[in-house]
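An overview of the molecular structure
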Amino acid sequence: MSEHFTPVSTLGEFGIIQRMSDRLVDLPRSSGLIEGIGDDAAVYKVSEGTLHVITTDALIEGVHFDRTFIPMSFLGFKSISVNVSDVVAMNAKPLYATIALGIPRNMSVEMLDGLYDGIKMACKKYGMELVGGDTTTAHALYISITVVGEVAERDVVFRRGANVGDFLCVTGDVGGAYAGLKVLLDQRQALKDLGEDYEPDLEALQYVIQRQLRPNARLDMIEAFKKAGIRPTSMIDISDGIASEVHHIAIRSGVGATVRIPALPFDPETRLVADQFMDDIDAYALFGGEDYELLFTVDPSEVSKVDALEGVSVIGNIEEAARGVRAYSPETGLLPLHPAGYQHFDPNEVNPDDFDLPPSKNGAK
Ligand code: ADP
Ligand code: MG
């Protein structure tokens, strides 16, 4: 390669986003824009008291999924869920989606039907509509979705609102999606000789496999927050693992945080998988990603309301920035927690492998 060109891999995913963001910096800013690059979704004002949010996420064959391994309807469902997850991370509800689809020539009409059945199921579940898109040929199946959502101005939650003294909370259970990926990779290894004839066995370890292949966005949780009168001070969805997401909240809010490892909520099936593979289950939650749960902070005055809510765990505290982001367990005490979740183009080649997790051709995100 010519010495005048720099490989993008030297920047890393977040470095690329920062560099591209810097190139746009002197664009005149529209008066309606409230949050641009840097949160789960961009936010702009549409009328007095009402905001819209907008977000895009792509799923690409060979990077995010293996077409022989995920039923097409699950892939359709997941492609909507990962976008809705970013909308609900702003405490907003999804309204409309558009899709850009790159279709390889060897894909069947029946597969496309399956994909759209899954998309339809997800749209129904989240109360939204797919209203347009673009279709092209491609070398691999490419699905890029944009979702617009709505939130009352007083209800919007950013990554940047955490305060020292807040409690750090998470919805549902974590680490399950990575456990599912491990099971699928293991099955693929065991049955690779059967080639295209192999049908994934979705019965065994169904919960963790579903967590990986057909994740739900937690729209139900933001509805539960509203009902319980809880307004998180900051929020992010878990696409890259808790370690990475806590860092995003900490950096954007100018605070530090401690994650209490024994408080991480796991499903028994996730424990079973971690035990079977003799893995450290905490690494699944911290560095595995793709759980699409919500990580959020609340003011101490609201923690009793959070405790009363089913399916939410308090997992840590927000502290002074100087303390950094740390993990606490009785065995290790307090240790720095590195933001080592899956990053595309990671310059340091840090991936879940470094935490005793397997290599993933799918990518762990
Ligand atoms: P998430 O995992 O929540 O989808 P990302 O890590 O993908 O968030 O993106 C972080 C932020 O960077 C978001 O605000 C996103 O809109 C923005 N972003 C990502 N890629 C690009 C890009 N190529 N150009 C401009 N903004 C980007
Ligand atoms: Mg997100």
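Before going into details, it helps to say that this report is about the structure given with it. (Residues numbered from 1 in each chain as written. Chains lettered and ligands numbered in written order. Predicted model: local features only at pLDDT ≥ 70, side-chain atom pairs only at ≥ 80, totals over all residues. Heavy atoms only, no water.)

**A closer look at the packing of aromatic side chains**
Across all of its chains, the model carries three aromatic pairs by this definition. Between Phe77 and Tyr126 the ring centres are 6.2 Å apart and the planes differ by 45°, which places this aromatic pair in the tilted class. Remark: Tyr126 occurs in helix α3 (residues 109–126) and Phe77 occurs in helix α2 (residues 72–88); sequence separation between them is 49 residues. Here the two residues Phe77 and Tyr126 agree in accessibility, since each one is buried. Over the face of the ring belonging to Phe158 we find Arg160, whose NZ or CZ atom lies 4.0 Å from the ring centre. In this arrangement the basic side chain of Arg214 is found over the ring face of Phe74, its NZ or CZ atom lying 5.9 Å from the centre. (Phe/Tyr/Trp six-rings, centres within 6.5 Å; stacked < 30°, edge-to-face > 60°. Helix = DSSP H or I, 4+ residues; strand = E, 2+ residues; numbered from the N terminus. Buried < 20%, exposed > 50% of the residue type's maximum accessible area, 1.4 Å probe, protein only. Lys NZ or Arg CZ within 6 Å of the ring centre and 35° of its normal.)

**Topic: the pairing of strand β7 (residues 167–171)**
With four of five residues buried, β7 is to be regarded as a mostly interior element. Two strands pair when backbone bridges link them, and β7 and strand β10 (residues 294–298) are joined in this way by four bridges, in the antiparallel orientation. Bridge pairing in β10 links Cys169 to Phe296. Here five bridges tie β7 to strand β11 (residues 312–319), and the two strands are oriented antiparallel to one another. Paired with Val170 across the strands is Ser313, a residue of β11. (Pairing = 2+ DSSP bridges.)

**A short note on the coordination of the magnesium ion (ligand 2)**
For the magnesium ion (ligand 2), the full set of protein donor atoms is Asp40 (OD), Asp86 (OD) and Asp237 (OD), and the range of their distances to it is 2.0 Å. Given a relative accessible area of 6%, Asp40 falls into the buried group. (Donors = N, O, S within 2.8 Å, 3.2 Å for Na, K, Ca; no water.)

**With respect to the site of ligand 1**
In the vicinity of ligand 1, the contacting residues are Phe14, Ile17, Ile37, Gly38, Asp39, Asp40, Asp57, Asp86, Arg159, Asp237 and Ser239. A distance of 2.9 Å is found between an oxygen atom of ligand 1 and a side-chain nitrogen or oxygen belonging to Asp86. Taking 560 Å² as the accessible area of ligand 1 by itself, protein coverage stands at 67%. Partitioning the shell around ligand 1 into residue classes produces three nonpolar, two polar and six charged. Lining the shell around ligand 1 are residues from two domains, each supplying at least three of them: domain 1 (31–152) and domain 2 (159–354). (Near = heavy atom within 4 Å. Polar contact = N/O pair within 3.5 Å; in protein donor to acceptor, adjacent residues only side chain to side chain. Areas by Shrake-Rupley, 256 points an atom, 1.4 Å probe, with all protein chains shown as cover. Nonpolar A, V, L, I, M, F, W, Y, C, P; charged D, E, K, R; others polar. Domains from an automatic or database assignment.)

That's the geometry; what it means functionally is another story.
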